[in-house]
Amino acid sequence: MNISYNWLKRYIDLQDNAETVATILTSVGLEVGTVEQVESIRGGLEGLVVGEVVTCVEHPNSDHLHITTTRVAAGEEPIQIVCGAPNVAAGQKVIVATIGTKLYNGDECFTIKRGKIRGEESLGMICAEDEIGVGNSHDGIMVLPSDTPVGMPAKEYFHIENDTIIEVDITPNRSDGASHYGVARDLYAYYQAHGQQVALHRPDVSAFEVQNHDLPIAVTVENCEACPRYTGVSIRGVEVKESPEWLRKALTTIGLRPINNIVDITNFILHEQGQALHAFDADKIAGQHIIVKNAVQGQKFVTLDGVEREMSAKDLMICNEREPMCIAGVFGGLDSGVTMDTRNVFLESAYFEPVTIRKTARRHQLSTDASFRYERGCDPNNTLYVLQRAALLIQEVAGGQVAMDIYDSHPQAFEPWHVNLNLDRVHALIGKEMGAQAVETILSALEIAWTKNGKDYACEVPRYRVDVQRECDVVEDILRIYGYNHIEFPEKLNSNLSYNPKPNPVKLQTRISEQLSAEGFYEIMNNSLTKTSYYQQGEWLNTCVAIKNPLSQDLGVMRQTLLFGGLESIQRNANRKNSDLKFYEFGNCYHYNPGLPANVEPIRAYSEEAHLGLWLTGNKTLPSWVRKEEKVTFYLLHAYVNNVLRRLGIQPDSLILEPAIDAAGDKCCGIADCFSDGLVIKTQQGVAIGYMGVVDKKLLKQFDIDNPVYFADLYWKQLLKLNKQYHPVIEDLPKFPEVKRDFALLVDKSVRFADLMHAAMNAEHKLLKDVYLFDVYEGKNLEEGKKSYALTFILQDKENTLKDKQIEAIMEKLKNTFEHTFDAKLR
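Residues numbered from 1 in each chain as written. Predicted model: local features only at pLDDT ≥ 70, side-chain atom pairs only at ≥ 80, totals over all residues. Heavy atoms only, no water.

Visitor: Looking at this structure, I do not really get helix α7 (residues 261–273). What am I missing?
Guide: Spacing of three or four residues puts side chains on the same side of an α-helix, whose turn is 3.6 residues. In this model, α7 (13 residues) spans 18 Å end to end at C-alpha, consistent with the 18 Å of a helix rising 1.5 Å per residue. The buried fraction of α7 is high, at eleven of 13 residues. When α7 is considered as a whole, its buried residues turn out to be N261, I262, D264, I265, T266, F268, I269, L270, H271, E272 and Q273. The N-terminus of α7 is capped by N260, whose side-chain oxygen sits 3.1 Å from the backbone nitrogen of I262. Remark: G274 follows α7 within two positions and exhibits a positive phi of approximately 80°. (Helix = DSSP H or I, 4+ residues; strand = E, 2+ residues; numbered from the N terminus. Expected span 1.5 Å × (residues − 1). Buried < 20%, exposed > 50% of the residue type's maximum accessible area, 1.4 Å probe, protein only. Polar contact = N/O pair within 3.5 Å; in protein donor to acceptor, adjacent residues only side chain to side chain.)

Visitor: Just checking my understanding: could you explain the environment of P153 for this structure?
Guide: In this structure, P153 sits in the loop between α3 (129–132) and α4 (154–157). The spatial distance from the C-alpha of P153 to the C-alpha of G51 is 9.7 Å, given a sequence separation of 102 residues. Residue contacts for P153: discarding those within four places in its chain leaves L48 and V49. (Contact = heavy atoms within 4.5 Å.)

Visitor: What is the right way to read the confidence of the model for the chain from this model?
Guide: Low-pLDDT stretches of the model should not have their predicted coordinates read in fine detail. Residues at a pLDDT of 70 or more form 97% of the chain, whose mean pLDDT is 90. Below a pLDDT of 50 lies the segment residues 662–669, which in the model reaches ten contacts outside its immediate sequence neighbourhood of four places, other chains included. (pLDDT = per-residue confidence, 0-100.)

Visitor: Can you walk me through the side chain of N6 in this structure?
Guide: Looking at the secondary structure, you find N6 in helix α1 (residues 5–8). Here the side chain of N6 touches N162 through a polar contact of 3.0 Å, landing on its backbone oxygen. Residues in contact with N6, not counting those within four places in the same chain, are E161, N162 and D163.

Visitor: Could you clarify how one ought to interpret the packing of aromatic side chains in this entry?
Guide: Geometry of an aromatic ring pair is reported as the spacing of the ring centres plus the angle between the planes. Using the criterion set out here, one finds 23 aromatic pairs in the structure. Summarising the aromatic geometry, the rings of W7 and F268 are spaced 4.8 Å apart at their centres and angled 10° between planes, so their arrangement reads as stacked. Taken together, the positions of W7 in helix α1 and F268 in helix α7 put the pair 261 residues apart, joining distant regions of the chain. When sorted by exposure, W7 lands in the same class as F268, which is buried. The positively charged end of R185 is found above the aromatic ring belonging to Y464, 3.8 Å away from the centroid. Here R376 stacks its cationic end above the ring of F372, 3.9 Å away from the centre of that ring. (Phe/Tyr/Trp six-rings, centres within 6.5 Å; stacked < 30°, edge-to-face > 60°. Lys NZ or Arg CZ within 6 Å of the ring centre and 35° of its normal.)

Visitor: Whenever I open this one, the sheet that holds strand β16 (residues 289–294) confuses me. Can you help?
Guide: In sheet architecture, strand pairing relies on hydrogen bonds along the backbone and comes in two forms, parallel and antiparallel. Overall, mixed pairing links the five strands, which are arranged β13-β16-β19-β20-β21 in an open sheet. The outermost strands of the open sheet, each flanked by one partner alone, are β13 (218–221) and β21 (331–332). As judged from the four bridges shared by β16 and strand β19 (residues 316–319), these two strands associate in the antiparallel manner. Bridge assignment links I291 to a residue of β19, and that residue is C319. (Pairing = 2+ DSSP bridges.)

Visitor: Help me understand a negative patch on the surface, please; the structure alone is not making it clear to me.
Guide: Residues E31, E36, E167 and D169 make up a contiguous surface patch of negative charge. You can call E167 partly exposed: its relative accessible area is 30%. (Patch = residues over 30% accessible without salt bridge, like charges linked within 9 Å, V, L, I, M, F, W, Y side chains within 5 Å. Areas by Shrake-Rupley, 256 points an atom, 1.4 Å probe, with all protein chains shown as cover. Salt bridge = Lys/Arg side-chain N within 4 Å of Asp/Glu carboxyl O. Lys, Arg positive; Asp, Glu negative; His and termini not counted. Charge placed at Lys NZ, Arg CZ, Asp CG, Glu CD.)

Visitor: Any chance you could explain the nonpolar core here in plain terms?
Guide: Within soluble globular proteins, side chains that are nonpolar tend to cluster in buried spots. Ranked by size, the top nonpolar core spans 116 residues in total, and within it L187, Y230, I290, I318 and F346 carry the most contacts. Discounting residues that sit within four places of it in the chain, I290 has contacts with I217, A218, V219, T220, Y230, I285, I318, C319, M325 and F346. (Core = buried A, V, L, I, M, F, W, Y, C linked by side-chain atoms within 4.5 Å.)

Visitor: Sorry if this is basic, but what is going on with the pattern of salt bridges here?
Guide: Overall, the coordinates contain 35 salt bridges when judged by the stated rule. Between D186 and R480 there is a salt bridge whose closest N-O contact spans 3.0 Å. Here D186 is found in helix α5 (residues 180–193), whereas its partner R480 is found in helix α13 (residues 471–482), with 294 residues between them in sequence. Since its relative accessible area comes to 5%, R480 is described here as buried. A salt bridge links E471 to R425; the shortest N-O distance between them is 2.8 Å. Of the two residues, E471 is situated in helix α13 and R425 in helix α11 (residues 423–430); the sequence distance between them amounts to 46 residues. Residue R425 is classed as partly exposed on the basis of its relative accessible area, which comes to 44%. The network of salt bridges with common partners includes R174, D176, D186, R465, D467, D477 and R480.

Here you go:
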């Protein structure tokens, strides 16, 4: 946002130059991007003075040139200037460009030099108005009034005033600073806090009065939630014309194009007070009735830019009795605005609910100065003042009479934000003892009313400070005015030394990232804000962390899983013919627990957890002359997950794998709704540390993904806890050989390999080192409801060579365990 230094001085008595002011603004939270000098006329008319033509004769070698003697300084001899203007004559007061003066024509620049024209010496140039940039006429030289002093600089005669533009980067929480008066208000607070007495000037509106009631406009606000306050007034008998010079200059300086005096006043007020206004041609208001209501779904509306837009039922509109006239708070209509034929206007000043305006602006891809301010939050208590201020300025530049009583849908003031502040907490948060007097001075300078009880303050924060509603917000406001640079570093640093080795999350994450990248994975990073529509199924929507003021419909909630972001990345790549993908992502997921008791601190209902997601889709290997095409499978995903676990010191064999979807079809966890099949990974204590599965085809269809997708989500915090229990042990290589024995077991179909493995390890935990599954058979020659597992058992004794009797005893023990536990039979 551009702030004019000269414009700013209307509201505060500035002694500092623009560069110093820019430094102050940055220190108080209104960060300045650039400071740029601006000239209303390029070159600032430097070197141009008022001269007097003493004599004027025809040039002997030309039929259109004249030789003049022109005095350019009082008491000095005239200089000879050759002039080609037809209207030059002795006795005239003119504008003279002396030697060395630079004149501009667009981007071109030329310098006045001593020279000869048709053999006669010329020591300057007598100028026309277009040659110096003060007009467009080139009919002849400018002739000034006879009483204009000779030698007077042209920039004084034309009142040329250079300016400085301070570009302020407004953050979303500082809508109060999106105007010249708002910036002046922050400067005033800074100067007061630092002992510099300056005055803050708010334009007076006491002269406002209703002259008659000849143009009453009725107003009905149907949607009071989206429009909590609406004020309006009519002005009769205005003359729409070009704006006066002061108004045009103010707008052009900050980069706006003047349109006409009525529209220019609304733009001036917008940048002066931060409150958007809209001026309607009152004669185009059908039925002389303004209705604030939502649009009809699918209704067509042509905006000021000539574009026909299809409205949503969620869009708030300003209508008359026949048709819409304006998209509230965003953009005006093509046929209801002020034109050069307008004689009566209706002036609107309203407060619209920020979320409504933001959604409408994003829905129609419109970004205007009005929506920029409304969607960040304006001051609902300022609409009436701004309306009166605008009406007075319109009468000043366009005439007319106020022709109705002001309509105000909410005549009572909006209550300030009530915040309790404790002095000790102020000092603790800031890190410095400021003292009560400094705190109180800053509070008063920020227009925060307060009452004191010991070290406690009951504060009333103005409604225009939309981001200051908590104690910590008030402390932050105090600190930014006090100055972050005034908080000294301590002279002494207190520390203690302790050794409590813990897993280093950063190093472990880097280790896993390097491993996955070496295995052919690409790391992705997705936005934590995601679409609400992803969480419409099941109970997910109730546990979403919703965004209070979402930037768009696609960023309405915080993600509860990494899955959907990865599917978006797969879709984006697949659409670009890159469908063989392996992705991983480290990211946080967010949850809300709506079932907490009322007496629990509200913040405890929200949780944030780190996750690691893996995605596989497409081909594992591409076809070539040495091998066939091979698709990725769930088993490949399982292998990658096991590799991650082993890298963290977690033995996959020590974990329990349970179906994410049981035999009855019930889901064991919310994310299981997205899988057609999958497994939950748990510790022996039953704590889930992740899940992996096959993404449901219906979900893939929503993303236009054709190939199967396999996804694993590992709970990073739980993995770090298990890693903490990992203690590497260095051992000698075994001196005695291992022994392998096989069993072919006939078991019920419900029996899993993991159950058999754990039963075997529990039965012989000393000499049994590992169990492998090398074949599974279901089909002919087996009993109904049965399947066959072929298992390999690895036996080894670190101290001795195993003997046949020991081996047979162990295998018999295992056989008995399987028979009694699973009713298994040897084949």
